[in-house]
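Observations on the three-dimensional arrangement
Okay, here's what each chain looks like letter by letter:
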Amino acid sequence: MEVTNVCEYEELAKQKLPKMVYDYYSAGAEDQWTLKENREAFSRILFRPRVLIDVTKIDMTTTVLGFNISMPIMIAPSAMQKMAHPDGELATARAAASAGTIMTLSSWATSSVEEVNATGPGVRFFQLYVYKDRNIVRQLVQRAEKAGFKAIALTVDTPRLGRREIDIKNRFTLPPHLTLKNFEDLDLGKMDKANDSGLAAYVASQVDQSLSWKDVQWLQTITSLPILCKGIMTAEDTRKAIECGAAGIIVSNHGARQLDYSPATITCLEEVVKEANGRVPVFLDGGVRRGTDVFKALALGASGIFIGRPVLYGLAVDGEAGIKNVLKMLRNELEMTMALSGCTSLKDITRDHVLTESDRIRRNLSRL
């Protein structure tokens, strides 16, 4: 069967992956309300297309932190990708480079920063959790920097791991033939590395619940790489992030895997963009499955978006080729949306091109 859109990869991946692995990738926290809302919120944003504009040539290129990329669609960090395919993060790195875009490597990857770097050229970011032992953080950051990674995506929404009930039911553990590669050669103090599942459980238990804004500042003393704060949802935290020296913000609810009944990221985007006011770029992840979703995020002020689960599903179904196809389909859909909306470059996409639920309510009230 020919795959014609990104969503079809999920069903194919569900058929192919072991239940425990598919559930780990697909699940959200608790009632999974936010998981559904991340998608449904996009469907409540409508277009205001402009017509009779020459759209013979469409330019989707952009820059992120000074790096030129082919399109405003990048790859979010996703843990343990070798559960989906033997090539794991290496396939993801190659697919991103081939598409001319950015990959973010999870610190809980099943491939190391050095292995990913060895796949060849490419702009890559490194996702980071802060651990109780700051020496581990220092080692991870320095390894990523040495391996040529260009930015740190600091996850700020995870003082504790969210409650994913399906993982509890499945008694999820990292399969015994895999390991969290970025921790293999670190000095982990008194850590007993008797088995790899033990390592994964240990690493998760070491995420620091005392993480605070001063740690964002501390990170800047141990690396020259720009810091993106991933997991910001409000104007207040946007203000704090910028005050603390963040180079950019990723509006994210962790793929709906942390606090259930958080709003969809697309719903929070404008608030964050307004507060940032052009001082730093604002990106979005969560729920993007169509080129129309990408356009809507750009119209509401995002400088680009990151996709997570679609990459995992493409990887599971067809390895590197699957990820390439996911990126290609989203690119083609974005190009089509731009053409049909009368936009020939990303700078042409404006707030006037979309109508949100709030816009419609205001319009209706103004008629009373």
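Residues numbered from 1 in each chain as written. Predicted model: local features only at pLDDT ≥ 70, side-chain atom pairs only at ≥ 80, totals over all residues. Heavy atoms only, no water.

Per an unreviewed UniProt entry, the recorded name for the protein chain is (S)-2-hydroxy-acid oxidase, and the organism is Rhynchospora tenuis. Its UniProt record gives the protein chain a comment under Sequence similarities (unreviewed entry), which states: "Belongs to the FMN-dependent alpha-hydroxy acid dehydrogenase family." The annotation that UniProt attaches to the protein chain under Pathway (unreviewed entry) is "Photosynthesis; photorespiration; glycine from 2-phosphoglycolate: step 2/3." (UniProt positions renumbered as here; feature names shortened; annotations may be inferred.)

1. A look at the pairing of strand β6 (residues 124–128)
Across the 5 residues that make up β6, a large majority, 5, are buried. Residues Arg-124, Phe-126 and Leu-128 of β6 are buried on one face, and the alternating residues Phe-125 and Gln-127, pointing to the opposite face, are buried as well. Note that the unit made of β6, helix α6 (residues 134–146) and strand β7 (residues 151–155) has a crossover that is right-handed. (Buried < 20%, exposed > 50% of the residue type's maximum accessible area, 1.4 Å probe, protein only. Helix = DSSP H or I, 4+ residues; strand = E, 2+ residues; numbered from the N terminus. Right-handed = clockwise from strand over helix to strand, strands pointing away.)

2. A closer look at the environment of Val-203
Within the secondary structure, Val-203 is located in helix α8 (residues 196–205). For Val-203, a relative accessible area of 2% corresponds to the buried category. Separated by 72 residues in sequence, Val-203 and Tyr-131 have C-alpha atoms that sit 8.2 Å apart. Beyond its immediate sequence surroundings of up to four residues, Val-203 is in contact with Trp-108, Tyr-131, Leu-180 and Phe-183. (Contact = heavy atoms within 4.5 Å.)

3. Notes on the pattern of salt bridges
Applying the stated rule across the entire model yields 19 salt bridges. Here Arg-351 makes a salt bridge to Asp-359, at a shortest N to O gap of 2.9 Å. Assessed through its relative accessible area of 11%, Asp-359 is described here as buried. Put simply, Asp-359 and Arg-362 hold a salt bridge, and the shortest N to O gap is 2.7 Å. Residue Asp-359 and its partner Arg-362 are both found in helix α14 (residues 357–366); the two are separated by 3 residues, about one turn of the helix. Here the salt bridges do not stand alone but share partners, grouping Asp-87, Arg-94, Glu-320 and Lys-324 into one network. (Salt bridge = Lys/Arg side-chain N within 4 Å of Asp/Glu carboxyl O.)

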